[in-house]
Amino acid sequence: MKELEKNIIKLEKSLYHNNQEITDFNKIDVQKNLFSLIRECIKEKNYIVNVGSYEFNINPSNLSVKYENDETVVEISSEDVYYETTRETEARFFVIADEDKEIYPSDSKVIKVTGIVTNIDGMCDEHYQFELFNDDNNIKNYLSLIDGAEYQAKDIETNSSVIIRKEIFISNPRTDVTNFFSNSNIIPVTYNLYEDNYVKNIVEKEYIPNNYSLLIPTLDKEKSNVSFLYNSIVDYYTEYLNKN
């Protein structure tokens, strides 16, 4: 095994335990292993390395540290601090029916709604995809735009699928997608996989807490960790220049 690979593994062990991220890692241990990794990277002229969810660019002219997983990106460079989060909302189903019943067959006219909430450098949006099944109507016939919402991704829009975007703030009350429906014959249901049918929801949807705090995380810990790692690289080069 090359020395560079050994140093990557040592740093990874300081950042992870049993494949789980250590949010409150030992800074002294991490910095020691990071310095060893930087020395080896300089020797090998390999300036970009990945350690778990972290990417280090240790090129003195373009220093950066990026933390990235499926839901979160935090990057600090010599020019900028960038962060991004994506969180999915629960999928919801609605039957279009003239008759109010407890059970609806699987071939009923159904609207499925899925959503994501994004925070890109403090700009927060929610995007909901509305999909219509077993119905030849245009799905927009059932929808109404409210509170500054707008249709998005029109290049991939179809009669049976549209995306609605709305700007939000963390303290806003959560959007209930039922407010986008213009037709009163749309009934919230749950899909029963075992019976292959839809069951009417008796209890109305309630969000606790009724804001976006669970979908727009502060990222305080991630920002702090990335900042520490970035500043550690800066400290290494500062010390290196002082000695030379």
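Conventions we followed
- Residues numbered from 1 in each chain as written.
- Predicted model: local features only at pLDDT ≥ 70, side-chain atom pairs only at ≥ 80, totals over all residues.
- Heavy atoms only, no water.
- Pairing = 2+ DSSP bridges.
- Helix = DSSP H or I, 4+ residues; strand = E, 2+ residues; numbered from the N terminus.
- Phe/Tyr/Trp six-rings, centres within 6.5 Å; stacked < 30°, edge-to-face > 60°.
- Buried < 20%, exposed > 50% of the residue type's maximum accessible area, 1.4 Å probe, protein only.
- Lys NZ or Arg CZ within 6 Å of the ring centre and 35° of its normal.
- Core = buried A, V, L, I, M, F, W, Y, C linked by side-chain atoms within 4.5 Å.
- Contact = heavy atoms within 4.5 Å.
- Polar contact = N/O pair within 3.5 Å; in protein donor to acceptor, adjacent residues only side chain to side chain.

Visitor: Any details on the pairing of strand β7 (residues 81–96)? Residues and values, ideally.
Guide: Pairing analysis gives five bridges linking strand β6 (residues 72–77) to β7, with the strands arranged antiparallel. For E75, the partnering residue across the bridge sits in β7 and is Y82. Hairpin connection, β6 to β7: the antiparallel pair is bridged by three residues. Strand direction decides the pairing type here: β7 and strand β9 (residues 110–120), joined by ten bridges, are antiparallel.

Visitor: How would you explain the packing of aromatic side chains if you had to name every residue and give the values?
Guide: The geometry of two aromatic rings is summed up by the distance between their centres and the angle between their planes. A full pass over the atoms with the stated rule returns eleven aromatic pairs. Both rings, one in F130 and one in F180, keep their centres 5.9 Å apart while their planes meet at 80 degrees; by these two values the pair is edge-to-face. Placement of the pair is F130 in strand β10 (residues 123–133) and F180 in the loop between β12 (161–167) and β13 (186–192), with a sequence separation of 50 residues. By relative accessible area, which is 0% here, F130 ends up buried. Relative to F181, the ring of F130 lies with its centre 5.9 Å away and its plane at 90 degrees, an arrangement referred to as edge-to-face. A residue pair is termed long-range when its members are at least 10 positions apart, and F130 in strand β10 and F181 in the loop between β12 and β13 qualify at 51 residues. On the basis of relative accessibility, which here comes to 12%, the residue F181 falls in the buried class. Joined through ring pairs, the aromatic side chains of F94, Y128, F130, F180 and F181 make up one cluster. The positively charged end of K140 is found above the aromatic ring belonging to Y151, 4.2 Å away from the centroid.

Visitor: Describe the nonpolar core, and please don't skip the residues or the numbers.
Guide: Core analysis: the largest hydrophobic core is formed by 31 residues, its most contacted members being Y54, F56 and I233. Elements supplying a minimum of two residues to this core: α1 (3–15), α2 (27–44), β3 (48–51), β4 (54–57), β5 (64–68), β6 and α3 (220–243). Top element by residues in this core is α3. It accounts for seven residues. Not counting residues within four places of it along the chain, the set of residues in contact with Y54 comprises L15, Y16, F25, V49, V65, K66, Y67, N225, V226 and L229.

Visitor: Lay out the side chain of D125 in plain terms, naming residues and giving numbers.
Guide: Along the chain, D125 falls in strand β10. Separated by 2.9 Å, the side chains of D125 and R165 make a polar contact. Look past the residues within four positions of D125 in its chain and what remains in contact with it is I116, V117, T118, R165, K166, E167 and I168.

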